[in-house]
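One letter stands for each residue in the lines below.
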Amino acid sequence: MTEDVILEVRRLTKTFGGIMAVCDVSLEVRRGEFVGIIGPNGSGKTTLINLITGFVKPTSGKVLYKGQDITGKPPYEIACLGIARTFQMARTLHKLPAFKNLIVPLCSPRVRKFRGGKYGERDDIAIDILDDLGFERDSFVPYKIAGTLPHGYLKRLDLARCIALRPELLILDELFSGMAMSEVAATLPMLEKFHREGLTIIMVEHRLRELFRVANRVMVMNFGQKIADGPPQKVMEMEEVQKAYLGTEVEE
Amino acid sequence: MAEGEKYRKERLDRGIKARSDTIYVLASSRDLLYLLMPRALPVALLILLPILLHGTYWEKVLFYSCIFGLLALSWDFMNSVGLVSLGQALFFGAGAYFAGALNHYLGWPIFLTIPAGTIGGALICTALLVPVVRLRGVYFSIVTLILPLLFAHLIETLEILGGTHGLLSLSAYPSGWIAIYLAVGALLLALFGFRKILDEDFGMILRGIRDDDRVVMAAGVNIYWYKAQSIFLAAAVGSFAGALMTHYYQFVGRSVLALDYTILPLAAVVLGGPGSFAGAALGSFILVPLSEALRAMGGLRMALYGLILIGALAALPEGIFHYLQRRYHQFERMVKV
Ligand SMILES: Nc1ncnc2c1ncn2[C@@H]1O[C@H](COP(=O)(O)OP(=O)(O)OP(=O)(O)O)[C@@H](O)[C@H]1O
Ligand SMILES: [Mg+2]
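Quick notes on the rules
- Per-chain numbering applies: the sequence of each chain, read as written, is numbered from 1 onward.
- Written order determines the labels here, with chains lettered from A and ligands numbered from 1.
- Restriction of local features to residues with pLDDT of at least 70 applies here, the model being predicted, together with a cutoff of 80 or more for giving and counting side-chain atom pairs; totals for whole chains, interfaces and linings are based on all residues.
- The side-chain figures draw on all heavy atoms in the structure; neither hydrogens nor water molecules are used.
- Residues are classed as near a molecule or strand on a simple rule: at least one heavy atom within 4 Å of it.
- Polar contacts, as counted here, are pairs of nitrogen or oxygen atoms within 3.5 Å of one another; within protein the pair requires one atom able to donate a hydrogen and one able to accept it, and residues that are adjacent in sequence qualify only if both atoms are side-chain atoms.
- For the accessible areas, the method is Shrake-Rupley and the probe is 1.4 Å, while residue cover comes only from the protein chains on display.
- Starting at the N terminus, helices and strands are each numbered in turn, a helix being any DSSP run of H or I of at least four residues and a strand any DSSP run of E of at least two.
- In this count, Pro and Cys sit with the nonpolar residues alongside Ala, Val, Leu, Ile, Met, Phe, Trp and Tyr, while Asp, Glu, Lys and Arg are called charged and the others, Gly among them, polar.
- Paired strands are those between which DSSP finds at least two bridges.
- The angle between two axes is taken between their N-to-C directions and runs from 0 to 180 degrees, where each axis is a line fitted to C-alpha atoms and a helix contributes only its stretch in contact.
- For classification, angles of less than 35 degrees are called roughly parallel, those exceeding 145 degrees roughly antiparallel, those between 65 and 115 degrees roughly perpendicular, and all remaining angles oblique.
- If you view the pair so one helix is near and one far, a crossing is left-handed when the near helix is turned anticlockwise from the far one by less than a right angle, and right-handed when it is turned clockwise.
- Note on contacts: a residue pair qualifies if any of its non-hydrogen atoms lie within 4.5 Å across the two residues.
- When two components associate, each loses some accessible surface as probed by a 1.4 Å sphere; the sum of these losses over both components is called the buried area.
- Take a side-chain nitrogen of Lys or Arg and a carboxyl oxygen of Asp or Glu: if they are within 4 Å of each other, that pair is a salt bridge.
- In this analysis, rings of Phe, Tyr and Trp, with Trp reduced to its six-membered ring, are considered paired at centre separations within 6.5 Å, and the interplanar angle assigns stacked below 30 degrees, edge-to-face beyond 60, and tilted for intermediate values.
- Only protein chains enter the accessibility calculation, which uses a 1.4 Å probe; a residue whose area is less than 20% of its type maximum is buried, one above 50% is exposed, and one in between is partly exposed.
- What counts as a domain boundary in this text is fixed by an automatic or database domain assignment.
- Here a cavity denotes a set of grid points, spaced 1 Å apart and computed over the protein atoms alone, in which a 1.4 Å probe fits but from which it cannot get out, and a pocket denotes an open set meeting protein on both sides within 12 Å along at least five of seven lines; residues with an atom within 4 Å of a point are reported as lining.
- Grid points are joined across faces, edges and corners, and a volume is the space filled by probe spheres set on the points.

## So, the site of ligand 1
Residues and elements named next belong to chain A.
- Close contacts around ligand 1 come from 14 residues, with Gly42, Lys45, Thr46, Thr47 and Gln88 the closest.
- One nitrogen or oxygen atom from the main chain of Gly42 is found 2.8 Å from an oxygen atom belonging to ligand 1.
- Within the backbone of Gly44, one N or O atom sits 3.0 Å away from an oxygen atom of ligand 1.
- Taking 630 Å² as the accessible area of ligand 1 by itself, protein coverage stands at 63%.
- The greatest single-element share of the shell around ligand 1, amounting to three residues, is contributed by helix H1 (residues 45–52).
- When its residues are assigned to classes, the shell around ligand 1 shows four nonpolar, eight polar and two charged.

Take a look at the structure:
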């Protein structure tokens, strides 16, 4: 069943004052796909994610998830339907120990439904998830106050919070920005593993080389509009795409 | 110190805290005592104080300290979810009038009016504040500040609930011991109860909301539902204090909605140190007796009171409790740089 559509974005538009942050964007993502979204700074990628996940209400247009209209629903309801997202500026619960960050998704109605998880037992599940993402359980790292961890760990903690929600659709907003090469190299196989296990992933990324390793389709945005959508190699050869990237550095 | 040599203070942990704030390694019964002492000693003292002070003027001061302590705890609990309240008087007044009205109009006995005042007052406050929990920061605070003043005004102009005269000759406690031990018991229950709640998974969500509510929403948790539950718990503690006080005075009037019940608890939390609940309680047990002791100063009382408060804050901006806690868990020594 890889053919059914998990997410459908229909003619989504968002204006902030006079700025067209997202302009008439449509997108279809099928279950099991790994879709990349690229575009120069300020082209509306983050806003598109915010629109899909309910953090920003659209000016016009619709978002359908598994055929259900989720436009205008609050973020926590959308998350509970199975859409998890990371934040571009890795947002975590800074004053809590790292592993306690995962208690929140583990207490959400969505995960409670999946498996009970009593007080204390949730701690163990949290540590398991973090261990998989490189927070070694026998080190001090998972128990440290999140705010004291290095940036790369915060990014992965953000990802861990998503995984704890047991999502069906994972949306990553520049997960790799600010991560060390070694961390990227360690995280990439994890994403591939989640993908193999059936997770649908949408990934906004400036690090094109890594993105093209995993994504089987890429959408390009510029000035709020979708200017290309297709297999990575083909898309990068298109004239509009090369023009959009002219003058903006393409990161390694 | 020799010329040219520099020294600096070094702080060392007395060190049985391991890994995180929540995990301890206990090696001996001495360690256990070290952990238990700061909890057991104040509890024992609080339980003994009513007996020691029985029959004196200071018994009443102890009662007031507990009342303001409950309001301070209620403030600190809301603050731990990121709700900055300026309206503890609303909680206090709701409980006080609810209990008073049930006693006055329906003749309910104390053992019913106090629980009913607690729950009823808390429900009213929650219903009033839930519509505004979406307001951020200072906007929420201003609503909490205005509501009790508004109700005091309504009671006066509409002449409801006794109007300016208040409700008089309400039932008294069968014995002074009941009042004082209800106050002390409630204070301990709220203190340890709130601390426990914030250590549990439920509390992680509350602390998370204060840290970054967008993260909590992204994790699939309805922050407004959790804020509403927190308001109910905080309001219940405040309303209980109000109901208790109503029967202590055998009277309830507009004064229970006055700014005093907002400002003094807030000052107590700031003095004691927010975020730990123990600081809130400690602050009340310093401020209330202090304000009583200064009564003899007459007109200078408020000025002196303010000066002492400012002085304490300047000396210990972190709050007295956090200072004491640090001194207990760490020791300092001078080391050569
Ligand atoms: N809350 C907001 N209020 C006003 N303008 C906004 C808001 N959010 C985004 N914008 C504007 O919308 C446009 C798109 O921004 P967005 O953050 O979506 O771009 P982006 O593609 O994610 O960029 P980057 O690669 O730098 O992350 C920008 O011009 C930005 O200034
Ligand atoms: Mg962005």
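## Overview of the sheet that holds strand S5 (residues 68–69) of chain A
Residues and elements named next belong to chain A.
- Taken in spatial order, the four strands of this open sheet run S2-S1-S4-S5, and their pairing is antiparallel. Sheet topology places strand S2 (19–30) and S5 at the edges, where each strand pairs with a single neighbour.
- Sheet topology places strand S4 (residues 60–65) next to S5; two bridges connect them, and they run antiparallel. Note on S5: the bridge partner recorded for Leu64 is Asp69.

## What to know about the packing of helix H4 (residues 110–129) of chain B against helix H9 (residues 223–249) of chain B
All names here are of chain B.
- Where H4 meets H9, the closest approach of the two axes is 7 Å, and the angle between their N-to-C directions is 140 degrees. When the axis of H4 is compared with that of H9, the two are oblique. In the packing of H4 onto H9, the handedness of the crossing is right-handed. Packed against H4, whose contacting residues are Ile110, Thr113, Ile114, Gly117, Thr118, Ile119, Gly121, Ala122, Leu123, Cys125, Thr126 and Leu129, the element H9 presents Ala228, Ile231, Phe232, Ala235, Ala236, Ser239, Phe240, Ala243, Leu244 and His247 at the interface.

## Observations concerning the interface of chain A and chain B
- In this assembly, 33 residues from chain A lie in contact with 26 residues from chain B.
- For the pairing of chain A and chain B, the buried interface totals around 2,600 Å² over both sides, and the portion due to carbon and sulfur atoms is 62%.
- Inspection of the region where chain A meets chain B yields two salt bridges.
- Put simply, A:Arg122 and B:Asp201 hold a salt bridge, and the shortest N to O gap is 2.5 Å.
- Across the contact surface, chain A and chain B share five residue pairs in polar contact (both at pLDDT 80 or more).
- Going through the elements one at a time, helix H2 (75–81), helix H3 (103–107), helix H4 (109–114) and helix H5 (121–132) of chain A are the ones with two or more residues in the side of chain A that touches chain B.
- Partitioned by chemical class, the residues of the side of chain A that touches chain B number 17 nonpolar, five polar and 11 charged.

## Looking at the packing of aromatic side chains
Residues and elements named next belong to chain B.
- Counted under the stated rule, the structure contains 14 aromatic pairs over all chains.
- Ring centres of Tyr57 and Trp58 lie 5.7 Å apart, and the angle between their planes is 75 degrees; this geometry places the pair in the edge-to-face category.
- The exposure class assigned to Tyr57 is partly exposed, which follows from its relative accessible area of 45%.
- Arranged with centres 4.2 Å apart and planes meeting at 10 degrees, the rings of Phe77 and Phe194 form a pair that is stacked. Of this pair, Phe77 sits in helix H2 (residues 58–79) while Phe194 sits in helix H6 (residues 176–199), and the two are 117 residues apart along the sequence.
- Relative accessible area serves as the criterion here: at 0%, Phe77 is assigned to the buried category.
- Taken together, the aromatic side chains of Phe63, Tyr64 and Tyr248 make up a single cluster linked through ring pairs.

## Section: the packing of helix H11 (residues 278–293) of chain B against helix H12 (residues 301–315) of chain B
Residues and elements named next belong to chain B.
- As a packed pair, H11 and H12 sit with axes 10 Å apart at the nearest point and diverge in direction by 150 degrees. Comparing their axes, H12 and H11 come out roughly antiparallel. Remark: the crossing between H11 and H12 carries right-handed chirality. Between H11 and H12, the contacting residues are Leu287, Leu290 and Ser291 on the first element and Arg301, Tyr305, Ile308 and Leu309 on the second.
- Partitioning the contact of H11 with H12 into residue classes produces five nonpolar, one polar and one charged.

## Side note on the pairing of strand S1 (residues 5–16) of chain A
Residue and element names in this part refer to chain A.
- For S1 and S2, the ladder comprises eight bridges, and the chain directions are antiparallel. From the neighbouring strand, Phe16 faces S2, where its bridge partner is Ile19.
- A loop of two residues connects S1 with S2, the two strands running antiparallel in sequence, and Gly17 in this loop sits at a positive phi of about 60 degrees.
- As paired elements, S1 and S4 share five bridges and run antiparallel to each other. The partner of Thr13 across the bridge, within S4, is Ser60.

## A closer look at the domain arrangement of chain A
Residue and element names in this part refer to chain A.
- Its domain assignment divides chain A into domain 1 (1–82 + 168–175 + 199–252) and domain 2 (91–166).
- Each of domain 1 and domain 2 has a C-alpha centre, and these two points are 26 Å apart.
- Listed by partner, the interface residues are 10 residues for domain 1 and nine residues for domain 2.
- When the two sides are added together, the surface that domain 1 and domain 2 hide from each other amounts to roughly 690 Å², 66% of it contributed by carbon and sulfur.
- For Arg110, the salt bridge identified is with Glu168, shortest N-O distance 3.6 Å.
- Put simply, domain 1 and domain 2 have two residue pairs in polar contact (both at pLDDT 80 or more) between them.
- Elements supplying a minimum of two residues to the side of domain 1 that touches domain 2: H2 and strand S7 (169–173).
- A breakdown of the residues in the side of domain 1 that touches domain 2 according to their chemical character gives six nonpolar, one polar and three charged.

## Some thoughts on the layout of surface pockets
Residue and element names in this part refer to chain B.
- Roughly 550 Å³ of volume is contained in the second largest pocket.
- Forming the boundary of the second largest pocket are 23 residues, of which Phe68, Asp260, Leu264, Ser291 and Arg301 lie nearest the centre.
- Among the elements of the structure, H2, H9, helix H10 (260–272), H11 and H12 are those that each provide at least two residues to the lining of the second largest pocket.
- Ranked by the residues each element gives to the lining of the second largest pocket, the list is headed by H10, at five residues.
- In terms of residue class, the lining of the second largest pocket is built from 16 nonpolar, three polar and four charged.

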